[in-house]
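Listed below, chain by chain, are the residues.
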Amino acid sequence: MERLPARAPDTIAAVATAPGRGGIGVVRVSGPRLSDFATALCGREPLPRRAVFTAFLDAAGAAIDEGILLYFPSPASFTGEDVIELQGHGGPVVMRMLLERCLELGARLAEPGEFTRRAFLNGKLDLAQAESVADLIEASTAAAARSAVRSLSGRFSEEIRRIVDALIDLRMLVEATLDFPEEEIEFLERARAMPRLDEIREHLVGVLDRARQGALLRSGLNVVLVGEPNVGKSSLLNQLAGEDRAIVTDIAGTTRDALRETIQIEGIPLHIIDTAGLRETADTVERIGIERTWREIERADVILRLVDASVATTDAALEAIDARLPQGAERITVANKIDLCGLVPGRSEEGGKVRLQVSARSGDGMDLVRAELLRIAGWHAHGEDVILARERHLHALRAALAHVDEAATQSAALELFAEELRLAQESLGEITGEFTADDLLGVIFSRFCIGK
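Given the structure is predicted, the values throughout are model-derived calculations rather than measurements. (Residues numbered from 1 in each chain as written. Predicted model: local features only at pLDDT ≥ 70, side-chain atom pairs only at ≥ 80, totals over all residues. Heavy atoms only, no water.)

**Topic: the sheet that holds strand β6 (residues 108-109)**
Here's step 1: Read from one edge to the other, the open sheet built from six strands follows the order β3-β4-β5-β2-β1-β6, with strand pairing classed as mixed. Whereas interior strands pair on both sides, the edge strands pair on one side only; in this sheet they are β3 (52-57) and β6.
Here's step 2: In the sheet, strand β2 (residues 22-31) pairs with strand β5 (residues 82-90) via nine bridges, with the strands oriented antiparallel. Within the sheet, the bridge partner assigned to G25 lies in β5 and is G88.
Here's step 3: Helix α1 (residues 35-42) contacts β2, β3, β4 (63-72) and β5 of the sheet and is inclined by roughly 75 degrees relative to β3. (Pairing = 2+ DSSP bridges. Helix = DSSP H or I, 4+ residues; strand = E, 2+ residues; numbered from the N terminus. Contact = heavy atoms within 4.5 Å. Axes fitted to C-alpha atoms, helices over the stretch in contact; angles between N-to-C directions.)

Right, here's the structure in full:
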């Protein structure tokens, strides 16, 4: 795969472990010809790909620390350059002293994501694999971590390359046919050009569907609980969380500020926000809490609007709340406290508006709430095939699909047909980095940790 030109190689160094104290800490160095660099650090020539217990020396030859030195000569390393890892004791002072020694020897401090960027530029990883490194570090659920590992191993990239290879084959066929215009239609029919385009589209739709699911694993949904005081918002939060996270009393207005809890349903992180009850109040603290509630509502993906099933709620009261809710968020009415009025759990829908009947105290009907949140998320089980996609991946997949659909309408104009296939291939190439602007790379890698 063609890579963008890298700037002249120099030596970079950074602490690769998290800030703070730990049992061990790692300083990573990457650059050209690091054998002499390692010799200056430990007083002897390093052995390739061998863990060597040694002292790490300062400029005067005194020991800074003792630990393990690993030396990976180019090109058999993470970055494709010579790489050294110094594994010492994980105190922040020791790590700083080791890093300063590396800088004395001619290294410079690495920028965020610069090690992974060098791996990409040197052909050790494609761009989707490089991004999966950051995704693995940031994974908030086990499902997200497993998906990131699959992307790091190249599963996502292989899917994209299979589609690209099919597009290239079809492009070659179509562009060769352009040289024989009198045989265009017959030749394309014999070669099954349109059925092959349909197969490409089907594969692309499947990858996009799995990528949408993976995007949910990365970011999850913001779910805000709203309603009047004492309708059971905190009890509902506790049921979803599986433990008592919010204080529950019979006193209206107990919750004064937003309480956030992240839970998992089918591996999807849901950020549940319990808010202050919505009502007119003269209490200054409660009024501030209500103002914060409206700010949380504005950022919501899903709004669970709780009402007390044991108390008659007028349409006017519900409409007053609805009038202020953001239009882009999904709204679900949850009638709570069915245990107080003899109702049974259930789901109803009228005019596209969903209403659930539950008891947050006993837990009856909570499976309906979880199922509804999954429905809103568009989740359906894919097993171990979910792709941990980023927004730019989804954008590229949608663009490729649009070009494939447009190509299907241009079967009588082969020049346009071939051009749409080329644009579809180019869109998919943005995912793996085959066609990627240098400024986009800067944005992507700047969001990585220092030392990765």
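Now that the structure has been shown, the text picks up again.
**A closer look at helix α3 (residues 114-121)**
Here's step 1: Of all eight residues in α3, seven are buried, a share of seventy percent or more.
Here's step 2: For α3, the full list of buried residues reads E114, F115, T116, R118, A119, F120 and L121.
Here's step 3: Among the residues trailing α3, G123 stands out with phi positive, at a value near 75 degrees. (Buried < 20%, exposed > 50% of the residue type's maximum accessible area, 1.4 Å probe, protein only.)

**Quick notes on the pairing of strand β12 (residues 346-350)**
Here's step 1: With five bridges connecting them, β12 and strand β13 (residues 353-357) associate as antiparallel partners. Across the sheet, the residue bridging to S348 is R355, located in β13.

**Considering helix α8 (residues 193-219)**
Here's step 1: Under the 1.5 Å per step criterion, the end-to-end length of α8 is 39 Å for 27 residues, consistent within 8% with the ideal 39 Å.
Here's step 2: Taken from the residues just after α8, G220 is the one with a positive phi, measuring 70 degrees. (Expected span 1.5 Å × (residues − 1).)

**Considerations on the packing of α8 against helix α13 (residues 391-408)**
Here's step 1: Their axes nearest at 10 Å, the elements α8 and α13 cross at an angle of 160 degrees. Looking at the two axes, α8 sits roughly antiparallel to α13. Judged by the twist between their axes, the crossing of α8 over α13 is left-handed. Residue-level inspection shows M194, L197, I200, R201, L204, V205, V207, L208, A211, R212 and A215 of α8 in contact with α13, the latter providing L394, L397, R398, A400, L401, V404, D405, A407 and A408. (Parallel < 35°, antiparallel > 145°, perpendicular 65-115°, else oblique. Left-handed = near helix turned anticlockwise from the far one by under 90°.)

**Quick word on the UniProt feature "binding site: K(+)" (unreviewed entry) in the protein**
Here's step 1: As recorded in UniProt, the feature "binding site: K(+)" (unreviewed entry) lies at N230, T249, I251 and T254.
Here's step 2: Relative to the assigned elements, N230 resides in the loop between β7 (221-226) and α9 (233-241).
Here's step 3: In this structure N230 comes out as partly exposed when scored by relative accessible area, which is 33%. (UniProt positions renumbered as here; feature names shortened; annotations may be inferred.)

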